[in-house]
Amino acid sequence: ALDPARIHADYAAALPEKAAAIVAAVAARDTARATELAHKLCGSAAMYGFPEVSETARLLEEACREKQDPELLDELARELRASVKPAGGQPPGLE
């Protein structure tokens, strides 16, 4: 049987890697890749119960699509990375 808590925990464990791929794309100024990855993360994070991650990914996706200033993209990428690694090391949503 599918265990919702396990599915949630597995997704939470994968979030830092997903965010790192987006951060790398932003750092490389590959806005097409960053847009694609942020779009996917926005949807999946919302579905799995990570609204803060989803919202930050949405903002980053929009900023990439609008070809915003690279410094803004870098800041949003940092926020995204921080949103998947909260203080205390506990995956988000499992407090």
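Model, not experiment: these values are computed from the prediction.

1. Brief notes about the confidence of the model for the protein
- Of the residues in the protein, 89% reach a pLDDT of 70 or more, and the chain-wide mean stands at 89.
- This stretch, residues 87-95, has a pLDDT under 50; its non-local contacts, to residues over four places away or in other chains, come to 13 contacts.

2. A word on the pattern of salt bridges
- As enumerated under the stated definition, the model contains 8 salt bridges in all.
- Of the charged contacts, one joins K40 and E36 as a salt bridge, the two residues approaching to 3.3 Å between their closest N and O atoms. In this pair, K40 and E36 both sit in helix α2 (residues 31-47), 4 residues apart, roughly one turn of the helix.
- Take E36: its relative accessible area is 37%, and that puts it in the partly exposed class.

3. A short note on the packing of aromatic side chains
- Taken as a whole and assessed by the stated rule, the structure comprises 2 aromatic pairs.
- Between Y11 and Y48 the ring centres are 4.3 Å apart and the planes differ by 10°, which places this aromatic pair in the stacked class. Of this pair, Y11 sits in helix α1 (residues 4-27) while Y48 sits in the loop between α2 and α3 (51-65), and the two are 37 residues apart along the sequence.
- Judged by its relative accessible area of 7%, Y11 falls in the buried class.
- When its relative accessible area of 29% is taken as the criterion, Y48 is described as partly exposed.
- Put simply, the rings of Y11, Y48 and F50 pair up and form one aromatic cluster.

4. Here we look at the packing of α1 against helix α4 (residues 70-84)
- Running from N to C, α1 and α4 cross one another at 170°; their axes reach a closest spacing of 9 Å. Compared by their axis directions, α1 and α4 come out roughly antiparallel. Within the contact between the two elements, α1 uses L15, P16, A19, I22, V23 and V26 and α4 uses L73, D74, A77, L80, R81 and V84.
- Of the residues contributing to the contact of α1 with α4, the split by class is 10 nonpolar, no polar and 2 charged.

Reading guide: rules and limits
- Position numbers for residues count from 1 along each chain, tracking the sequence in the order it is written.
- With the structure being a predicted model, the display of local features is reserved for residues of pLDDT at least 70 and the display and counting of side-chain atom pairs for 80 or more, all residues being used for whole-chain, interface and lining totals.
- Derived side-chain values reflect all non-hydrogen atoms in the structure, with water molecules and hydrogen atoms excluded from consideration.
- Residue-level confidence of the predictor is summarised by pLDDT, bounded by 0 at the bottom and 100 at the top.
- Any two residues whose heavy atoms approach within 4.5 Å at even a single point are treated as in contact.
- We define a salt bridge as a contact between a side-chain nitrogen of Lys or Arg and a carboxyl oxygen of Asp or Glu at a distance within 4 Å.
- The way it works is that DSSP assigns letters per residue, a run of H or I at least four long becomes a helix, a run of E at least two long becomes a strand, and they are numbered from the N terminus.
- Burial classes follow relative accessibility: with a 1.4 Å probe on protein chains only, a residue under 20% of its type's maximum area counts as buried, one over 50% as exposed, and anything between as partly exposed.
- In this scheme Phe, Tyr and Trp rings, the latter by its six-membered ring, pair at centre separations within 6.5 Å, and the angle between planes marks the pair as stacked below 30 degrees, edge-to-face above 60, and tilted otherwise.
- To get an axis, a line is fitted to the C-alpha atoms, and for a helix only the part in contact is used. The angle between two axes follows their N-to-C directions and goes from 0 to 180 degrees.
- Any angle from 65 to 115 degrees is called roughly perpendicular, while one under 35 is roughly parallel, one over 145 is roughly antiparallel, and all others are oblique.
- Note on residue classes: Ala, Val, Leu, Ile, Met, Phe, Trp, Tyr, Cys and Pro are nonpolar, Asp, Glu, Lys and Arg are charged, and everything else, Gly too, is polar.

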